[in-house]
Protein chains: 2
Amino acid sequence: MDIKRFFEPESIAVIGASRDPNKVGSAVLKNLIITFRGKIFPINPFVDELQGLKAYKSVLSVKEKIDIAVIAIPAEMVLGILKECEKAKIPLAVILSAGFNEIGGEGTKREEEIKKFLSKAKIRIIGPNCLGIINTDPNFNATFLDPNSKVIKGHAGFISQSGALLSAVVDDASTNNIGFSKIISIGNATDISEADIIESFKTDEKTKVLALYLEGLNNGKDFLKAGQSFSQEKPLLVLKGGKFKSTSGAVSSHTGSMAGDYKAYELAFNRIGAISVENIDDLFNFMRDAPNIKVNSDEVIIATNAGGAGVVTTDHISSSGLKLAKFNDKLLNELAKALPKEANIHNPVDMVGDATPERYRDTLEILVQMNKPIIILFSPQEMSQPLETAKQIYETHLRHPSVPFLSVFLGGARVEKARRFLLERSMPIYEYPNEAVFMIKGLFTYYSHRAQTFKLIAKEKAKYRDLKIKTDIFGIDAKKVFDSIGIKSADGIKFTSYKELEKSAEKIGYPCVLKIESNFLAHKNKVGAVIVGIKDRKALEDAFMKLSKIAKEQKINKASFGLYEDVSKFGEDKMEILVGAHRDPQFGPMIAIGLGGIFANELNETTFLLSPISDQDIDELKASKIGRIISEFSSESVFNELTGYLFKLDKLMTANNNIKDIDLNPIILFKDKLFATDFKIFV
Amino acid sequence: MDIKRFFEPESIAVIGASRDPNKVGSAVLKNLIITFRGKIFPINPFVDELQGLKAYKSVLSVKEKIDIAVIAIPAEMVLGILKECEKAKIPLAVILSAGFNEIGGEGTKREEEIKKFLSKAKIRIIGPNCLGIINTDPNFNATFLDPNSKVIKGHAGFISQSGALLSAVVDDASTNNIGFSKIISIGNATDISEADIIESFKTDEKTKVLALYLEGLNNGKDFLKAGQSFSQEKPLLVLKGGKFKSTSGAVSSHTGSMAGDYKAYELAFNRIGAISVENIDDLFNFMRDAPNIKVNSDEVIIATNAGGAGVVTTDHISSSGLKLAKFNDKLLNELAKALPKEANIHNPVDMVGDATPERYRDTLEILVQMNKPIIILFSPQEMSQPLETAKQIYETHLRHPSVPFLSVFLGGARVEKARRFLLERSMPIYEYPNEAVFMIKGLFTYYSHRAQTFKLIAKEKAKYRDLKIKTDIFGIDAKKVFDSIGIKSADGIKFTSYKELEKSAEKIGYPCVLKIESNFLAHKNKVGAVIVGIKDRKALEDAFMKLSKIAKEQKINKASFGLYEDVSKFGEDKMEILVGAHRDPQFGPMIAIGLGGIFANELNETTFLLSPISDQDIDELKASKIGRIISEFSSESVFNELTGYLFKLDKLMTANNNIKDIDLNPIILFKDKLFATDFKIFV
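Residues numbered from 1 in each chain as written. Chains lettered and ligands numbered in written order. Predicted model: local features only at pLDDT ≥ 70, side-chain atom pairs only at ≥ 80, totals over all residues. Heavy atoms only, no water.

Right, let's talk about the packing of aromatic side chains for a bit. All names here are of chain A. What the rule picks out here adds up to 47 aromatic pairs over all chains. Between Phe36 and Phe140, the aromatic rings sit 6.1 Å apart at their centres with planes inclined by 70 degrees, giving edge-to-face as the arrangement. Of the two residues, Phe36 is situated in the loop between helix H1 (24–35) and strand E2 (39–43) and Phe140 in strand E9 (residues 139–143); the sequence distance between them amounts to 104 residues. Judged by relative accessible area, which is 9%, Phe36 ranks as buried. The exposure class of Phe140 is buried, given its relative accessible area of 1%. Each member of the aromatic cluster is reached from another via a ring pair, and the members are Phe223, Tyr265, Phe269 and Phe587. Between Lys240 and the ring centre of Tyr265, over which it is positioned, the NZ or CZ distance is 4.4 Å. For Lys673, the ring lying beneath its charged end belongs to Phe670, and the centroid distance is 5.9 Å. (Phe/Tyr/Trp six-rings, centres within 6.5 Å; stacked < 30°, edge-to-face > 60°. Helix = DSSP H or I, 4+ residues; strand = E, 2+ residues; numbered from the N terminus. Buried < 20%, exposed > 50% of the residue type's maximum accessible area, 1.4 Å probe, protein only. Lys NZ or Arg CZ within 6 Å of the ring centre and 35° of its normal.)

Here's what the structure looks like:
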């Protein structure tokens, strides 16, 4: 749905406009009077005039076309008014009123009723429980932001799930001279969602970068689709609030407990190539500068008049995973000619303390040949000419507009004019080197993601759909599922009584492993319900007695037992790997691979992949720590077999929406073979 | 040495004062004329007057006492002038001239000559290659900073190894209203060192916090001593430049290659309880606020008028390792009474958007009972009164001065006055929540470190001193050293010829392991020079033939062989641990423990401990990931035995200054025993 058309209204009605200046409706009306050139209809049944405008009893008594209704009345009256708006053929209502889903109980009921009405109505809504919407071209401010807060016209779209944060951002942005195209406080997003807005911002020519403050989502899949499509065109920034919310309720699977709440969001942001920022000031820098810089290299050049600043910047570059560009001999010769003897001609280039504006220019004219991002550091020293230096930087950039110039002018009052000079010419300029480095890192990630083409190869197959798993299953029962989709596992038999023991042992052979197989024993090892290395008949009987006793202690009626071959007979050198899956409520299946056994608990070395997995995910996995460890330990065919399992689990999860979690922990790797040895499926 | 006395001069001579206003000497003279109330003697043999002051031919022609000589003349003339200064009984020279060690060659020679002269002279020097020194009370500025840069009087001491960075910091600080007690540009620190200055700042009543920009050190041990003593009194901040310098030359030991360059600095900063900052703006915040806040808890309270801001702040708290404080029922009841129904009375406390200054006051009056740090968030909303809120925060704090209040006023112009109000009253106030969280984290680390008492138990013993290791040793030769200090290892015999093979095998038994023992084979596994799991005589002979061939291929004359018992006979479940040591040129021995085998290369799970190791280091190790993995896998006695080895290596390194690196990789752990199986000592 394209909601851009809502943003060029010719008339706006304010329902709940009031004489009390402290009421939300008054602030909206005031903001509209200041900013909007179209017609404004205050709606209030009790007065004839408001802030100099004729007031109407209801939207139905307005005889002209109304494009937007802003609703600022008590929650319990909203539905009735919404019905009137539909009758008046108003296409969009912005509901500022609070008292809906966010307060639970009555509020949730009210929101459900509105949803029900909307499903059949033609009117669309933004909100409820929001601050309103703003466009800067054409201009209108339909929010209850403080009328003193000036919204500057610019190229950044901004969507916020927090009204209060939005008001702080707007105030801060105007002080920092950051401009917006459109601002939307989305509130409870009952109807028009984040995805709808992202989609329409994609074709909005006035928006060149979109920033999002997000705490949660109603529909992750829509968000993925809209986000992926958006970021093929323009940079998308996300500040995610609530990263560390404790997961609700107990998590039974190992994979699920490792995934946590934020992991899926992180994978989703990666998948769509969104730039994830942690701090509000990083958000500002990106909103301001992202449209002006295209970064196609992770190799950075530094040019400085202060050695120490170069050193600090180099540290930031290294710790962010970027690299210093290396110069070839030709370039070094040119630099040596242009710079005094004391200078350092290698990267970071030190033009030394007495560097003149002309020396900056000459050095940059040489460095632009590399066509890589240049961080230009300036520290105000005895001989320095900040403003003249800024002018030379600007003019050099005009001659080489495709080379990213990111200037950092350290200092305070002495460099203020220089900073402003660059700022006013849309040149990226920062106070501290870490800001420039963070910007390059974020934009490099964004542009390299955009250059990728995704080959998604996971497809659902009938085989996976027919499995029909309806309850949690463990042990041999689960093993059968994995057998059927081609995951290799240790031989095993399930039995329930002593008399089946001998028959089972004959089939499995020695050494073997005996386990209690029960839903109640998710953590079998902790209660001693797994006995390994059983060498003969006698030991097997002892093991059976021991486990029967434990089953009784744990109050398991009719315990089943699983007898497995002990795969350690295949060799001494083995490694335990965890493979699993977890279904995120928003973004769907995530497939996990990491170190198994005791390492799984203590080391944070588990990689998650968002479904559908691509070949490229596997390439990245191969280059990661866990990939390198597996490749060093096992043959390539084992690595390929193992990563094949990730695709299988992806298909299994995709074809069976009721499966919540899968644990295959551990899968035991040898040099040239592998076996899954423990099996759990949670629905 | 106490160098404070140098900072209250009654007279200063400027040697190299010049008529050319672009010369360093002119700038120093100008700065002194503006700031210094004592006598100033410009020294210049060619003129009679400079900037309105009588000029002298040399310091010897000044007939009065001179307390400081500032030297700003070409490098090659410095030594001669220094001699004149000594003759004139000047106690301190500040040498601004560059052209010494920092340029190598001739410069290094010049610096050596000065050092030689100083070793017998009474005069002390700061520099060379520095920007000068500043005191704000009594006032004097003996630097060549731009005379327009104002240095504000305050409580922060600042030592910088980079003059250019210093000039940026001073300019930025004056713009941000940050005051200094004393500023020292230390240059090459040929005589007076960082440690000397830190030591004297300790008893300087005007300095309440000390910030250090550091790229390297001449004497790490002195720095440790001075730093540890200083930070028992006042916060010490360090911004370390050059964290990621590539290590010079090849590193032969595994432990050494993992240690890198910065690791030792990190351990040193930890040891002395210094607050390590990454960015210049964090440095400013700490310089300004550290003396005003004492943080004794890692449990933080948040009070906000904006839910979203509370969410973002909670994320910063979680990711920094701090916690949210939990409220008891009494407090919750009080909050419920004081706040409106829509408020959230749990931490983070949401006072909601229409929070008045009085609501802030009432809420804080309840929260102070917890006596924990409070982050007070303010987002400018429709009804907000920023300045009045700031006043209430300030007044509440006056009533409870011991509770840390850290205010974050989000936004721009609307909150500027409120920010300034708090700033002028020395109340910690920030623009963004991450700044407040970083401050609490840093100060909590500092104060908890200060509260610790260190019991250092590693002592040198004759046994360790008598080992006299003079060359690199490997294999059985090295094993003997470790045997002699009580490190348990696999049985082993060294031999050189086929005829010794059988005798050795009899002693060791089967299964066994055969290795080539040679200095030339630091990475034995890579060339196949280790054969494990040799089961019988026949296999041993084959192994010997194979290794003899490899020795020939690798061109090892007179190869020795090591025959070891194969410890895998002691059990299937085993884990490989790396233990090692590395001598840092600055800070001495660092002892390492981590996962061994293939994990050592790929996972960054190696913990380093700075010598001398304390019991507390071991307690922390036990609680770390690697400690928990070992404890989960092996018995307590194995853990204790293993950590005992760390103390042994510490003593070995301490008693034998020539040992550079030690690798015991791997030590093989079983449930109830352990064996070192590979041995290397590098000198």
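Residues and elements named next belong to chain B. With parallel pairing, 5 strands are arranged side by side in an open sheet as E2-E1-E5-E6-E7. Looking along the sheet, the strands with just one partner apiece sit at the ends: strand E2 (39–43) and strand E7 (124–126). Taken pair by pair, the neighbouring strands of this sheet meet at an average axis angle of 20 degrees, ignoring direction. Relative to E2, strand E1 (residues 11–15) runs parallel, the two sharing 5 bridges. Considered in E2, the bridge of Ile15 is made with Ile43. Seen against the sheet, helix H2 (residues 75–87) touches E1, strand E5 (68–71), strand E6 (92–95) and E7 and runs at an angle of roughly 170 degrees to E5. (Pairing = 2+ DSSP bridges. Axes fitted to C-alpha atoms, helices over the stretch in contact; angles between N-to-C directions. Contact = heavy atoms within 4.5 Å.)

Once that is clear, we can look at a negative patch on the surface. A surface patch of negative charge is lined by Glu572, Asp573 and Glu576 of chain A together with Glu572, Asp573 and Glu576 of chain B. We classify Glu572 of chain B as partly exposed; its relative accessible area is 43%. (Patch = residues over 30% accessible without salt bridge, like charges linked within 9 Å, V, L, I, M, F, W, Y side chains within 5 Å. Areas by Shrake-Rupley, 256 points an atom, 1.4 Å probe, with all protein chains shown as cover. Salt bridge = Lys/Arg side-chain N within 4 Å of Asp/Glu carboxyl O. Lys, Arg positive; Asp, Glu negative; His and termini not counted. Charge placed at Lys NZ, Arg CZ, Asp CG, Glu CD.)

So, on to the interface of chain A and chain B. For interface size, the figure often reported is the accessible area lost on association. Listed by partner, the interface residues are 70 residues for chain A and 70 residues for chain B. Summed over both partners, the interface of chain A with chain B comes to about 5700 Å²; 57% of that surface belongs to carbon and sulfur atoms. When residues of chain A are sorted by the area they lose upon contact with chain B, Glu382, Tyr432 and Glu602 of chain A head the list and together hold 12% of the total. Along the contact surface separating chain A from chain B lie 2 salt bridges. Among the salt bridges present, the one from Arg414 of chain B reaches Asp146 of chain A, with a minimum N-O distance of 3.1 Å. Those elements that provide at least two residues to the side of chain A that touches chain B are helix H4 (163–175), helix H9 (280–289), helix H10 (307–320), helix H20 (597–602) and helix H22 (625–633) of chain A. Ranked by residue count, the leading element in the side of chain A that touches chain B is H10 of chain A, at 8 residues. The class makeup of the residues in the side of chain A that touches chain B is 29 nonpolar, 20 polar and 21 charged. (Buried area = accessible area lost by both parts, 1.4 Å probe. Nonpolar A, V, L, I, M, F, W, Y, C, P; charged D, E, K, R; others polar.)

Ile133 of chain A together with Ile133 of chain B are the most contacted members of the largest nonpolar core, which totals 228 residues. With sequence-adjacent residues up to four places away left out, Ile133 of chain A is seen in contact with Phe7, Ile68, Leu92, Val94, Ile126, Phe140, Asn141, Ala142, Thr143, Ile183 and Ile184 of chain A. One finds Ile593 and Ile598 of chain A together with Ile476 and Ile485 of chain B within the second-largest nonpolar core, a separate group that totals 96 residues. (Core = buried A, V, L, I, M, F, W, Y, C linked by side-chain atoms within 4.5 Å.)

Another aspect to go through is the side chain of Ser504 of chain A. Residues and elements named next belong to chain A. Within the secondary structure, Ser504 is located in helix H18 (residues 501–508). In this structure Ser504 comes out as buried when scored by relative accessible area, which is 5%. Ser504 has contacts with Ile493, Phe495 and Leu563, leaving out every residue within four places of it along the chain.

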